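Architecture at a glance
This is what each chain is made of:
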Amino acid sequence: MAKKEEVDADTLALIQWCTEVEEYLVAAGASLREAQGYIEENAEWFTDQFYEGLTPQEAAKASLNEP
């Protein structure tokens, strides 16, 4: 049997935060698949925004304003 890996609290918080960002991106017109793909492609940037203390709404808005 495979051993289950435990996810630390910071990682869980980041995942939840990204899920909320995803909701704002969908509300702005992206499909769920597009929002998920966009977050995955820009994971490092979103992670930085999380640790800098942006709210999910602020991060989604900032990402939509990127050139």
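See the structure printed just above.
Report on the accompanying structure. (Residues numbered from 1 in each chain as written. Predicted model: local features only at pLDDT ≥ 70, side-chain atom pairs only at ≥ 80, totals over all residues. Heavy atoms only, no water.)

Here we take up the overall build of the protein chain. Counting secondary structure elements, the protein chain contains four helices and zero strands. Beginning at the N terminus, the succession of helices and strands in the protein chain can be written as α-α-α-α. If one aligns the C-alpha atoms of the protein chain with their principal axes, the spans along those axes are about 45 × 25 × 15 Å. Residue burial in the protein chain is summarised as follows: out of 67 residues, 22% are buried. For the protein chain, the proportion of contacts with a sequence separation of at least 24, taken over those separated by at least 6, is 56%. When the accessible surface of the protein chain is totalled, it reaches about 5,300 Å², and 51% of it is carbon and sulfur. Separation of charge centres in the protein chain, based on 4 positive and 15 negative side chains, amounts to 9 Å. (Helix = DSSP H or I, 4+ residues; strand = E, 2+ residues; numbered from the N terminus. Buried < 20%, exposed > 50% of the residue type's maximum accessible area, 1.4 Å probe, protein only. Contact = heavy atoms within 4.5 Å. Areas by Shrake-Rupley, 256 points an atom, 1.4 Å probe, with all protein chains shown as cover. Lys, Arg positive; Asp, Glu negative; His and termini not counted. Charge placed at Lys NZ, Arg CZ, Asp CG, Glu CD.)

In this section: the nonpolar core. Across soluble globular proteins, you tend to see nonpolar side chains buried next to one another. In this structure, Leu14, Trp17, Cys18, Val21, Leu25, Ala35, Ile39, Phe46, Phe50, Ala59 and Ala60 together form the largest nonpolar core, which totals 11 residues. At the level of secondary structure, the elements contributing two or more residues to this core comprise helix H1 (9–27), helix H2 (32–41), helix H3 (43–51) and helix H4 (56–64). A per-element tally of this core places H1 first, with five residues. Setting aside anything within four residues of it in sequence, one finds Ala60 in contact with Val21, Tyr24 and Leu25. (Core = buried A, V, L, I, M, F, W, Y, C linked by side-chain atoms within 4.5 Å.)

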